[in-house]
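Close look at the chain arrangement
Okay, here's what each chain looks like letter by letter:
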Amino acid sequence: MTRVDDLERPAATKQRTIPAPEAGTRPTKPVRDARVDVVRGLALLTIFVDHIPRNAPALLTLHNFGFSDAAEIFVLLAGYSSMIAYGGLFRRAGVRTALVRIAQRCLRIYLFQAGLLLATLVIVRIWMDITGLTPRFGVAPLLQMGLLPGLLRGLALNALPNYLDILPLYILLLALFPLIYLGMRRGIWGVLALSAILWIAANVDHQLNLPNAAAVDEGWYFNPFAWQFLFVLGAALAVWVQAQDGLLPWRGWAVAMASAYLAFAFFQGGSWAEWGLPDLRPLSIGVPDKSHVGPLRLINMLALAYLLFSIPAVARLSRWRRLRLIDACGRHSLEIFAAGCLAALIGRILYRTFDATWPLQIAVNLGGLAVMLGLAHLLDARRRGAAAPGPDLRRPG
């Protein structure tokens, strides 16, 4: 049975090993995969655009060209990044250090979630007092409970409003990562099988969910029993990519099948009516279920992931200097996501107050993207400054 240890070991023909850290030395950080950061950065920018209803640029984002959207990318790459960052940390620094680091990350994500929730409730409450308007969804259920009760239930992750429900999923999945890693050390296929069974169960029985007082169906929109499968697949993908020196094996038949499926997804999932074009859908089927990652959405994501990690040109393109700001968005994903959430909130408020006119749409989208890219630039500059060696104080001058 395949194990993490086996897949992380370089090919025998390379005759390379990963040296164990010496006692007292600081664990070395793994090299970042530029493909992950660039694609995650694009997903975060897309999430901002998609989180504003009646937003014209949203007609050109990923969900209009197939079955998947930026959320699936975000969760798959979360699993991938967790295996790269924390899977390696378990080996290099030991269980205790890795568990502490994961706990710290979970706490940081929770604090961002709490800050976003509080800021959203306060901003919407002020907007309601000024305009006399009321939100139609989003934090509306929490405000109906009362500002403080709604805030407390939101902080307890018992009431997750629209647009603020993906970070709680990330916290839960990251908290479960040590168990995923431990299982994969014994056998990756066994963990994938158990994860797939749980995904199937969630798709068959929609009552298998966590409670959500802010939802009509009383469940998390991103059903964790279903979405965990994408996270686990991302973790397994990271192991396979590392074992193949950064690229999945190129197989002509696999590329053809993935490309054919994505072409079918494009015609079937294209927003033909919104684009003002004739309907080119080959089948009369409904939109695949997003809350439970319906099979069509899952296959769409797997096809995209295979092409992303098997085509050498993608790796080269992701290192292009002109994409460095998008790459920076992916490297500082939590901060950029928070900035995008607040920018999208302002956009929704402006559209509701003044209507989604073209000048306003241009201002909202350019302004929000500028804030996210500008913040990424500042965070990256600060990171480079912190990493730069300081002056040698032992020498005069």
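Let me sum up the structure you'll find in this document. Everything numeric here is computed off the predicted structure, so don't read it as measured data. (Residues numbered from 1 in each chain as written. Predicted model: local features only at pLDDT ≥ 70, side-chain atom pairs only at ≥ 80, totals over all residues. Heavy atoms only, no water.)

**Description of the packing of helix 4 (residues 95-131) against helix 15 (residues 333-354)**
- It is at 11 Å that the axes of helix 4 and helix 15 come closest, and there the two elements cross at 15 degrees. Compared by their axis directions, helix 4 and helix 15 come out roughly parallel. Read as a crossing pair, helix 4 and helix 15 show a hand that is right-handed. Contact residues: Arg105, Arg108, Ile109, Phe112, Leu116, Ala119, Thr120, Ile123, Val124, Trp127 and Thr131 in helix 4; Ser333, Leu334, Glu335, Phe337, Ala338, Cys341, Leu342, Leu345, Ile346, Ile349, Arg352 and Thr353 in helix 15.
- Grouping the amino acids of the contact of helix 4 with helix 15 by side-chain chemistry returns 15 nonpolar, four polar and four charged. (Axes fitted to C-alpha atoms, helices over the stretch in contact; angles between N-to-C directions. Helix = DSSP H or I, 4+ residues; strand = E, 2+ residues; numbered from the N terminus. Parallel < 35°, antiparallel > 145°, perpendicular 65-115°, else oblique. Left-handed = near helix turned anticlockwise from the far one by under 90°. Contact = heavy atoms within 4.5 Å. Nonpolar A, V, L, I, M, F, W, Y, C, P; charged D, E, K, R; others polar.)

**What about helix 9 (residues 224-243)?**
- Taking 1.5 Å per residue as the helical rise, helix 9 with its 20 residues ought to reach 28 Å, and the 28 Å between its terminal C-alpha atoms agrees with that figure.
- Most of helix 9 sits inside the fold, with 17 of its 20 residues counted as buried.
- The backbone nitrogen of Phe225 has a side-chain oxygen 2.9 Å away, supplied by the residue at the start of helix 9, namely Asn223. (Expected span 1.5 Å × (residues − 1). Buried < 20%, exposed > 50% of the residue type's maximum accessible area, 1.4 Å probe, protein only. Polar contact = N/O pair within 3.5 Å; in protein donor to acceptor, adjacent residues only side chain to side chain.)

**Looking at the pattern of salt bridges**
- For the coordinates displayed, the defined rule picks out 13 salt bridges.
- Notably, a salt bridge pairs Glu335 with Arg108, separated by 2.8 Å at the nearest N-O pair. One end of the pair, Glu335, is in helix 15; the other, Arg108, is in helix 4, with 227 residues separating them in the sequence.
- You can call Glu335 buried: its relative accessible area is 16%.
- Owing to a relative accessible area of 32%, Arg108 belongs among the partly exposed residues under this scheme.
- The partner of Asp380 in a salt bridge is Arg384, and the shortest N-O contact between them spans 3.0 Å. Of the two residues, Asp380 and Arg384 both sit in helix 16 (residues 358-387), four residues apart, roughly one turn of that helix.
- A relative accessible area of 45% places Arg384 in the partly exposed class. (Salt bridge = Lys/Arg side-chain N within 4 Å of Asp/Glu carboxyl O.)

**Looking at the packing of aromatic side chains**
- Considering all chains together, one arrives at 19 aromatic pairs under this definition.
- A centroid spacing of 6.2 Å and a plane angle of 35 degrees characterise the contact between Phe74 and Phe337, whose relative ring orientation is tilted. Taken as a pair, Phe74 in helix 3 (residues 70-93) and Phe337 in helix 15 lie far apart in primary sequence, 263 residues in all.
- Phe74 gets classed as buried once you look at its relative accessible area, which sits at 7%.
- On the accessibility criterion, Phe337 (5% relative accessible area) is buried. (Phe/Tyr/Trp six-rings, centres within 6.5 Å; stacked < 30°, edge-to-face > 60°.)

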